[in-house]
Amino acid sequence: MSPPPISTLIPSTTILTAVFPPKSPQPSPLSDPKQPPHSHSQTQSSSSFSLVPTTRRKAAAGVILTSIVSLIHQPPVATAFSFGISGPKDWLREQKKKASKYLLAPIDASRNSLQAAYLIITSGTSPEKDLEEVQRLLISASRDCIPQERNSIVTFQSNTGVEVCTFKLVLKNAASLLDDKDPTKIEAETKLNDLERSFSSLNSVTNGTTPQLVSDRQKVADALMDTISSLNKFEQGVKDCLEI
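Residues numbered from 1 in each chain as written. Predicted model: local features only at pLDDT ≥ 70, side-chain atom pairs only at ≥ 80, totals over all residues. Heavy atoms only, no water.

### Points about the packing of aromatic side chains
- Considering all chains together, one arrives at 2 aromatic pairs under this definition.
- With 5.9 Å between their ring centres and 20° between their planes, F167 and F199 make a pair best called stacked. Of this pair, F167 sits in helix α9 (residues 166–174) while F199 sits in helix α10 (residues 183–207), placing them 32 residues apart in sequence. Here F167 matches F199 in class, with each residue buried.
- Between F167 and F234, the ring centres sit 5.9 Å apart and the planes meet at 70°, which makes this aromatic pair edge-to-face. Taken together, the positions of F167 in helix α9 and F234 in helix α11 (residues 214–242) put the pair 67 residues apart, joining distant regions of the chain. (Phe/Tyr/Trp six-rings, centres within 6.5 Å; stacked < 30°, edge-to-face > 60°. Helix = DSSP H or I, 4+ residues; strand = E, 2+ residues; numbered from the N terminus. Buried < 20%, exposed > 50% of the residue type's maximum accessible area, 1.4 Å probe, protein only.)

Dropping the structure here:
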């Protein structure tokens, strides 16, 4: 902060006049030389009273100088950040943490779908119907992150540059405050790539399965468990970006 203007440091004429009263007029050389001299008592009294203004002037001068120095060295005015109010970036980070439950909801829903598919494929009550239900759950769990399983509308949106993969959108939101070269963000992106490969592999295994064969159903079950594991790792990567 710049020092206060000089006009605010120098007291007004009225204050100076009150602190430093004008001296009494000196006797004129043309005054009456026959005027009798002051008595000894009057001289002592005058001397005593003359000391009072001098002492007051010194005290007043000291107060004024102290005030000027304190004004010059006055610390800068505290800003809002001095009271512990966080900046916009910190505030946004806290808001993301509070909303993490909703941000992670698609991941949790996908995990529930995959777990349900695993229970169906391993039960073996009705192989053909079970496989159809597994394929339906897989499409739901993939969240439009398997290109060959997208419907026409989603494909059109993707071709026009609109991001349709829910997992990518989740990560983009979670890592929006991180730099592109941030290790945490890079690690989360690696886990996302692994998850997309797991879904593609699971989709290929499911489409090439003969539901009547126990070995084929076991392949689907194993692929489901691998995808669930990749999904859990990706979820942790998102949480790391959110610092939760």
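Here the narrative resumes, following the displayed structure.
### Concerning the nonpolar core
- Counting 34 residues, the largest nonpolar core has I107, L114, F167, L171, F199, F234 and V238 as its most contacted members.
- Ignoring anything within four residues of it in the chain, the contact list for F167 reads I107, S110, A141, S142, R143, C145, L192, L195, F199, L231 and F234. (Core = buried A, V, L, I, M, F, W, Y, C linked by side-chain atoms within 4.5 Å. Contact = heavy atoms within 4.5 Å.)

### Focus on empty space enclosed by the protein
- Summed over all chains, the structure comprises 1 cavity of 30 Å³ or more.
- As a volume, the largest cavity reaches approximately 50 Å³.
- R93, K96, K97, A174, L177, L178, C241 and L242 together form the lining of the largest cavity.
- Mapped by element, the contributors of at least two residues to the lining of the largest cavity are α4 (88–98) and α11.
- Of the residues forming the lining of the largest cavity, the biggest block, 3 residues, is contributed by α4. (1 Å grid on protein atoms, 1.4 Å probe; cavity = no way out; pocket = protein on both sides within 12 Å on 5 of 7 lines; lining within 4 Å. Points joined across faces, edges and corners; volume = space filled by probe spheres on them.)

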